[in-house]
Amino acid sequence: MPELPEVEVVRAGLEPAVSGALITGVEVFDTRSLKRHSPLEGRFESLLEGRRMLAAVRRGKFLWFPLSAGAAAAPTGEGGAGGAAPATAAASGPQALVAHLGMSGQVLLRTPGTGEEGLLRIRLQIEHPEHGEFWVNFVDQRIFGSMAVDRLVPTADGAAGGYSGFDSGRMLGDTLALVPGQVAHIARDPLDPAFDEATFLAALGRKRTGIKRALLDQTLVSGIGNIYADESLWAARVHYEHPADRLPRARARELLAEVRVVLEKALAEGGTSFDAQYVNVNGASGYFSHSLNAYGQQGKPCPRCGTPIVREAFMNRSSHLCPRCQRPFRARVARVAA
DNA sequence: ATCTGCTCCTGGCGGC
DNA sequence: TGCCGCCAGGAGCAGA
């Protein structure tokens, strides 16, 4: 549920404290939070200690922090049956600390010594040259989120790997047009200046699936989750099961425009929080939940037409829609067929 | 190849 | 009141 706006709130909050900060200590309290970390890369803690984070970058719902070159830690080659443990894996090229919040992850910036109420999985102790010492606490109730150290690879289009704020772009230097290997398959998000609208619309037009499924497909467009998919579809008056390949190009373009409006509005309001689960780096909640028109509004009147919003089962989760504004697609007999 | 649906995980809360 | 079971769902991957 942390979707693009919530993750961006976290990124922006971390940026000033972590950019240029030295990692002085790493504690992993639950190794399940390292499920995206490949042991071939080296030991997570060893890879981080003694290195600096150069910036805070985001693409869609993924966050990463490019690392200074520093001492490449020796890979913990144990368990290497056959002994082909590649010493090159850990030492090759630039790396980044990657974070994904999953469903319930939080990254909290704390004064050293502060206790943590939630389920603390990983703690980084950092020291910023100007701002001093902090604890970066990765809290995650459901452990769908994770942290990892991963190699950075060049972006396919040569553009910046993700959004890193105005100023930290400088600090990124030659790591600017790189993206973590495990994020490379994730599409750019609709707020990314390098987002290719024509390519997206063309790909959408080829998808033989429902439009909401397509919006949630992070390889097509990233950053959208269940909340903002429902909100965007409501705003564009599109039914969630409308076949993606049958949505006229102009309607698809309108939908994309609504996606951007919804994401930007949520971002401006600090993200959506229903409870203490979704918070910024200081633990405070956002206000967008007061602006929801469809998600979670079942039974309440549609703000546009007054018809009660309904909630329907969808992919082991739920969809919220106005049954009057968002009519199901019905294939019609082609009238102007060639 | 493309699409669908299962799985990971735990706390909160609705309902009986 | 107390407890059971449902619910939240991002993303990767297995299987169709």
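Regarding chain A, the relevant UniProt record gives this comment under Subunit (unreviewed entry): "Monomer."

Attention now moves to the overall build of chain A. Within chain A, the secondary structure is distributed over eight helices and eleven strands. For chain A, buried positions account for 51% of its 338 residues. Taking contacts inside chain A between residues at least 6 apart in sequence as the whole, the part at least 24 apart equals 70%. Accessible surface, chain A as shown: approximately 15,500 Å² in total, 52% of it carbon and sulfur.

The next point concerns the state of the cysteines. This structure, assessed with the given rule, holds zero disulfides. Among the cysteines around C305, which has no disulfide bond, C322 carries the closest sulfur, lying 3.6 Å off. On the basis of relative accessible area, C305 is assigned to the partly exposed category, the value being 26%. Of all cysteine sulfurs, the one in C322 lies closest to C325, which takes part in no disulfide; the gap is 3.6 Å.

With respect to spatial proximity, 17 residues lie near DNA strand C, and among them H100, R142, F144, Y295 and R311 are the closest. Here DNA strand C approaches the protein such that, of its atoms within 4 Å, sugar and phosphate make up 70%. With respect to DNA strand C, the side chain of R36 contributes an N or O atom lying 3.3 Å from a sugar or linking oxygen. Note that a phosphate oxygen of DNA strand C is positioned 2.3 Å from one of the side-chain N or O atoms of R311.

On to the sheet that holds strand 6 (residues 120-128). Reading across from one edge, 1-6-7-5 is the order of the four strands in this open sheet, with antiparallel pairing throughout. Two strands in the sheet have a free side with no partner beyond their single neighbour: strand 1 (22-28) and strand 5 (105-110). With direction set aside, neighbouring strand axes in the sheet form an average angle of 15°. Inspection of the sheet shows strand 1 paired to strand 6 by six bridges, in the antiparallel sense. Paired with V26 across the two strands is L124, which belongs to strand 6. Packed onto the sheet, helix 1 (residues 4-18) meets strand 5, strand 6 and strand 7 (132-140) and runs at close to 35° relative to strand 5.

With that settled, consider the protein's contact with DNA strand B. In the vicinity of DNA strand B, the contacting residues are R32, L119, Q141, R142, I143, F144, R206, K207, R208, T209 and R213. Each atom of DNA strand B within 4 Å of the protein was assigned to sugar, phosphate or base; sugar and phosphate come to 59%. At a separation of 2.7 Å, a phosphate oxygen of DNA strand B approaches a polar side-chain atom of T209. Within the side chain of R213, an N or O atom sits 3.1 Å from a base nitrogen of DNA strand B.

Thresholds, definitions, all that
- Residues numbered from 1 in each chain as written.
- Chains lettered and ligands numbered in written order.
- Predicted model: local features only at pLDDT ≥ 70, side-chain atom pairs only at ≥ 80, totals over all residues.
- Heavy atoms only, no water.
- UniProt positions renumbered as here; feature names shortened; annotations may be inferred.
- Helix = DSSP H or I, 4+ residues; strand = E, 2+ residues; numbered from the N terminus.
- Buried < 20%, exposed > 50% of the residue type's maximum accessible area, 1.4 Å probe, protein only.
- Contact = heavy atoms within 4.5 Å.
- Areas by Shrake-Rupley, 256 points an atom, 1.4 Å probe, with all protein chains shown as cover.
- Disulfide = S-S within 2.5 Å.
- Near = heavy atom within 4 Å.
- Polar contact = N/O pair within 3.5 Å; in protein donor to acceptor, adjacent residues only side chain to side chain.
- Pairing = 2+ DSSP bridges.
- Axes fitted to C-alpha atoms, helices over the stretch in contact; angles between N-to-C directions.

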